Amino acid sequence: ASSDVQVILLAESGCPYCQAAITGSIDEMVSACKSIISLDERPFGNNYYSTLTCGGGPYNSTTRHCWAGLCTGSDGPQADDCFKGELVPQHGDVEIQVNRIEACAKHIAANWSTYWEFLVCMETAYPTNGFNATAGCAAAASLDADAIFHCYNTSDGDVAQANEAAATFDHDGVPWLLVDGEVVEDTD
């Protein structure tokens with residue numbers, strides 16, 4: 001509902017601080033406040049796409065800030081290659097895979113709370129199972145694993161990931177939490 005407290009979380013798989021926040025303090029907040037919040041977790045975090053203007057990998061926070069300034073925000077993308085170049089992760093290839101599968105699950109989930117259940121499962125399993133946790137986490141969250149994998153393996157996954165990237169405004173680091181537009185400095 002529009003009267004809900006709006007919560008935005010910028011996070012990425014592979015980030016131990018994001019995993020701790022998602023599976024700990026933020027999940028506790030979700031459990032306690034589920035009926036009065038609307039949560040939008042954006043599984044793109046500190047990733048960025050290579051562009052001619054800003055450059056590419058290996059990961060560099062200055063390049064990420066350049067990309068965010070060029071490609072996200074209220075003015076929309078300022079370059080044609082904002083969401084077409086190589087994806088540059090902060091934590092390696094498994095992060096790219098899991099961020100994409102999470103973007104697909106979010107795209108498929110009927111609501112934020114169903115997606116949240118999937119996300120918590122994936123982030124709990126990330127250190128030992130990474131991408132391989134997908135089917136089990138989909139089942140635990142009552143999501144259609146086949147639909148998630150279809151999205152992941154097709155251009156639907158490109159679209160889901162680009163949508164999350166476009167919604168991930170410039171930020172200092174992750175996890176980045178906003179509650180009704182106000183930054184929460186400490187996610188513990």
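No experiment lies behind these values; they were computed from the predicted model shown.

Geometrically, a pair of aromatic rings is defined through the distance of the ring centres and the angle of the planes. Applying the stated rule across the entire model yields eight aromatic pairs. Between Phe131 and Tyr152, the ring centres sit 4.9 Å apart and the planes meet at 45 degrees, which makes this aromatic pair tilted. With Phe131 in the loop between α5 (112-129) and α6 (134-140) and Tyr152 in helix α7 (residues 145-153), this pair connects stretches of sequence that are 21 residues apart. For Tyr152, a relative accessible area of 16% gives the class buried. Each residue in the set Phe44, Tyr49, Trp67 and Phe83 is aromatic and connected to the rest through ring pairs, giving one cluster.

Turning to the pairing of strand β2 (residues 37-43), a few remarks are in order. The element β2 is largely enclosed, with a buried count of five among its seven residues. Where strand β1 (residues 5-11) lies against β2, seven bridges are found, and the strand directions are parallel. Directly across from Leu9, in β2, lies its bridge partner Glu41.

Now for a negative patch on the surface. On the surface, Asp172, Glu185, Asp186 and Asp188 cluster together into a patch of negative charge. You can see Asp186 is positioned in the segment after β6 (182-184).

Packing of helix α4 (residues 93-108) against α7 brings their axes to within 9 Å, and their N-to-C directions diverge by 125 degrees. By the angle between their directions, the pair α4 and α7 is classed as oblique. Of the two possible hands of crossing, α4 and α7 adopt the one that is right-handed. Across the interface between the two elements, Gln97, Arg100, Ile101, Cys104, Ala105 and Ile108 from α4 touch Ala147, Ile148, Phe149, Cys151 and Tyr152 from α7. Taken together, the residues that form the contact of α4 with α7 break down as nine nonpolar, one polar and one charged.

Applying the stated criterion across every chain yields a total of four disulfides. A sulfur-sulfur separation of 2.1 Å characterises the disulfide bridge that pairs Cys71 with Cys82. Between Cys71 and Cys82, the S-S dihedral sits near -80 degrees, and the bridge is therefore left-handed. A residue pair is termed long-range when its members are at least 10 positions apart, and Cys71 in helix α3 (residues 61-71) and Cys82 in the loop between α3 and β4 (87-88) qualify at eleven residues. By relative accessible area, which is 1% here, Cys82 ends up buried. Put simply, Cys121 and Cys137 are joined by a disulfide, and their sulfur atoms are 2.1 Å apart. Between Cys121 and Cys137, the S-S dihedral sits near -75 degrees, and the bridge is therefore left-handed. Of this pair, Cys121 sits in helix α5 while Cys137 is found in helix α6, placing the two residues 16 residues apart along the sequence. Its relative accessible area of 25% is what places Cys121 among the partly exposed residues.

Take Thr23: it is sitting in helix α1 (residues 16-23). With a relative accessible area of 33%, Thr23 lands in the partly exposed category. Residues Thr23 and Ser38, 15 residues apart in the sequence, show an inter-C-alpha distance of 18 Å. With near-sequence residues (within four places) excluded, Thr23 lies in contact with Val120, Glu123 and Thr124. Here Gln19 takes part through its backbone oxygen, which lies 2.7 Å from a polar atom of the side chain of Thr23.

Calculation rules
Within each chain, residue numbers correspond to sequence positions counted from 1 in written order. Given that the model is predicted, a residue must reach a pLDDT of at least 70 before its local features are reported, and side-chain atom pairs must reach 80 or more before they are shown or counted; all residues, however, enter totals for whole chains, interfaces and linings. Calculated side-chain values reflect all of the structure's heavy atoms, with hydrogen atoms and water omitted. Two aromatic rings from Phe, Tyr or Trp, using only the six-membered ring of Trp, form a pair when their centres are within 6.5 Å; if the ring planes differ by under 30 degrees the pair is stacked, by over 60 it is edge-to-face, and anything between is tilted. Per the convention used, a helix needs a DSSP run of H or I reaching at least four residues, while a strand needs a run of E reaching at least two, with both numbered from the N terminus. Burial classification: accessible surface area is computed with a 1.4 Å probe over protein chains only, and a residue below 20% of its type maximum counts as buried, one above 50% as exposed, and the rest as partly exposed. By this definition, two strands are paired if DSSP reports at least two bridges between them. Nonpolar side chains (Val, Leu, Ile, Met, Phe, Trp, Tyr) are joined into patches within 5 Å and like charges within 9 Å, using only residues with over 30% relative accessible area and no salt bridge. For accessible areas, the Shrake-Rupley method is used with a probe of radius 1.4 Å. Any residue's cover is judged against the shown protein chains and nothing else. Salt-bridge detection follows one rule: a side-chain nitrogen of Lys or Arg within 4 Å of a carboxyl oxygen of Asp or Glu. When charges are tallied, Lys and Arg are placed among the positive residues and Asp and Glu among the negative ones, while His and the ends of the chain are skipped. For charged residues, the charge sits on one atom: NZ in Lys, CZ in Arg, CG in Asp, CD in Glu. An axis is simply a line fitted to the C-alpha atoms; with a helix, the fit covers only the stretch in contact. Between two such axes, the angle follows the N-to-C directions and lies from 0 to 180 degrees. The scheme is simple: roughly parallel for angles under 35 degrees, roughly antiparallel for over 145, roughly perpendicular for 65 to 115, oblique for anything else. By definition, turning the near helix anticlockwise from the far helix through less than a right angle yields a left-handed crossing, and turning it clockwise yields a right-handed one. Between two residues, a contact is recorded if the distance between any of their heavy atoms is within 4.5 Å. Gly falls in the polar group here, along with every residue not listed as nonpolar (Ala, Val, Leu, Ile, Met, Phe, Trp, Tyr, Cys, Pro) or charged (Asp, Glu, Lys, Arg). Only a pair of cysteine sulfur atoms within 2.5 Å counts as a disulfide in this structure description. Two N or O atoms form a polar contact when they lie within 3.5 Å of each other; inside protein one atom must be a possible hydrogen donor and the other a possible acceptor, and for residues adjacent in sequence the pair counts only when both atoms belong to side chains.

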